[in-house]
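Structural overview
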Amino acid sequence: MNKLKMSVIGVPMDFGQNRRGVDMGPSAMRYAGAIQRLEALGHEVKDEGDISIDQTAAGQDTNTKLRNLPEVIETSTKLADKVSEVLSNKRFPLVLGGDHSIAIGTLAGLAKNYENLGVIWYDAHADMNTEETSPSGNIHGMPLAVSMGLGNDKLVNIHGYAPKVKPENIVIIGARSVDPGERDLIKEKGVKVFTMHEIDKLGMTEVMNQAMWYLRDREVDGVHLSLDLDGLDPLYTPGVGTPVPGGISYRESHLAMEMLASSNLITSAEFVEVNPILDEKNKTADVAVALMGSLFGESLV
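So, here's what we can say about the structure. What you see is a predicted model, and the numbers here were worked out from it, not measured in a lab.

1. Focus: the nonpolar core
Judged by nonpolar contacts, the single largest core of 52 residues is most densely connected at Leu 94, Tyr 122, Ile 173, Leu 225, Phe 271 and Phe 296. Setting aside its immediate chain neighbours within four residues, Tyr 122 contacts Ile 173, Met 204, Leu 225, Ser 226, Leu 227, Asp 228, Leu 232, Ile 248, Glu 252, Ser 253, Ala 256 and Met 257. By size, the runner-up hydrophobic cluster in this structure holds 46 residues, among which are Leu 69, Ala 108, Leu 117 and Ile 139.

Written as structure tokens, this is what we have:
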């Protein structure tokens, strides 16, 4: 893999859902050695610190359809600005979450710098709910829909434009908990999804090969990896807010990251939903950092 100039951005936000603790995810991944591991691989790493977030607003919101909407918009806007700044300095953005609603800001900052951005969404969930379809009102279940231009106007138009990504440029890997409204939207918009059924049937090697060729065929000029730790089976990642049994294995995930590393396809990445309060001895953060190692060129020999 090419040696990169990387900027690490922490987003200690838990406003996108209702289980406290995921705001400590960036600290947990740093504690697990993320910066040192990347530097050991020869990358030039600059830790940009954390996006500032007003935690005093937590739990005050009464909008049950779009929980903590003003706080999510504010943080997403700050993150979009930071990601765009990192790209303007010709650096690779690596974002540490925080709940998955932070992807709204990440993609808003990225998409302004690409003509035809592709996205690999490594997750147990499709995250394609809207205010109308969401059973919880948690915005961490909405970032893909928002990024496709669907949902609340203020969320959709962060950074002044929409959509951020075309539905046909999205590949979801590992889905196994999809709400009815999301299922309808996937079919309507033609989003490419590899569920656990496909991973079991085809094997991870074939799934990743198909995913990468799918994006290449669309002539994307950048690919963002958004990796939710609940994409893995909770046996390996217990410290996540919405665990779903029957997920991707530890070894399959490393294989996926290794294949992405050898492809040189990934131009930005984020790792989200590490919740130390729900974790066992920082196990989930350790897994996240190990996967970063594989994504950024670590090999066994």
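Further notes follow.
2. Quick word on the pattern of salt bridges
Inspection of the entire model under this criterion finds 11 salt bridges. Among the salt bridges present, the one from Arg 20 reaches Asp 14, with a minimum N-O distance of 2.5 Å. Its relative accessible area of 47% is what places Arg 20 among the partly exposed residues. Residue classification places Asp 14 among the buried positions, given a relative accessible area of 2%. Notably, a salt bridge pairs Arg 91 with Glu 44, separated by 2.9 Å at the nearest N-O pair. Of this pair, Arg 91 sits in the loop between α3 (69-88) and β3 (92-97) while Glu 44 sits in strand β2 (residues 44-50), and the two are 47 residues apart along the sequence. Since its relative accessible area comes to 14%, Arg 91 is described here as buried. Via salt bridges that share partners, Lys 46, Glu 48, Lys 82 and Glu 85 belong to a single interconnected network.

3. A look at the sheet that holds strand β6 (residues 192-195)
Overall, parallel pairing links the 8 strands, which are arranged β2-β1-β3-β8-β7-β4-β5-β6 in an open sheet. Strands at the two margins of the open sheet, each flanked by one partner only, are β2 and β6. Here the strands of the sheet are splayed against their neighbours by 15 degrees on average, with no regard to which way each runs. By the bridge criterion, 6 bridges tie strand β4 (residues 117-122) to strand β7 (residues 222-228) in an arrangement that is parallel. By the bridge assignment for β7, Val 119 is matched with His 224.

Definitions and cut-offs
- Residues numbered from 1 in each chain as written.
- Predicted model: local features only at pLDDT ≥ 70, side-chain atom pairs only at ≥ 80, totals over all residues.
- Heavy atoms only, no water.
- Core = buried A, V, L, I, M, F, W, Y, C linked by side-chain atoms within 4.5 Å.
- Buried < 20%, exposed > 50% of the residue type's maximum accessible area, 1.4 Å probe, protein only.
- Contact = heavy atoms within 4.5 Å.
- Salt bridge = Lys/Arg side-chain N within 4 Å of Asp/Glu carboxyl O.
- Helix = DSSP H or I, 4+ residues; strand = E, 2+ residues; numbered from the N terminus.
- Pairing = 2+ DSSP bridges.
- Axes fitted to C-alpha atoms, helices over the stretch in contact; angles between N-to-C directions.

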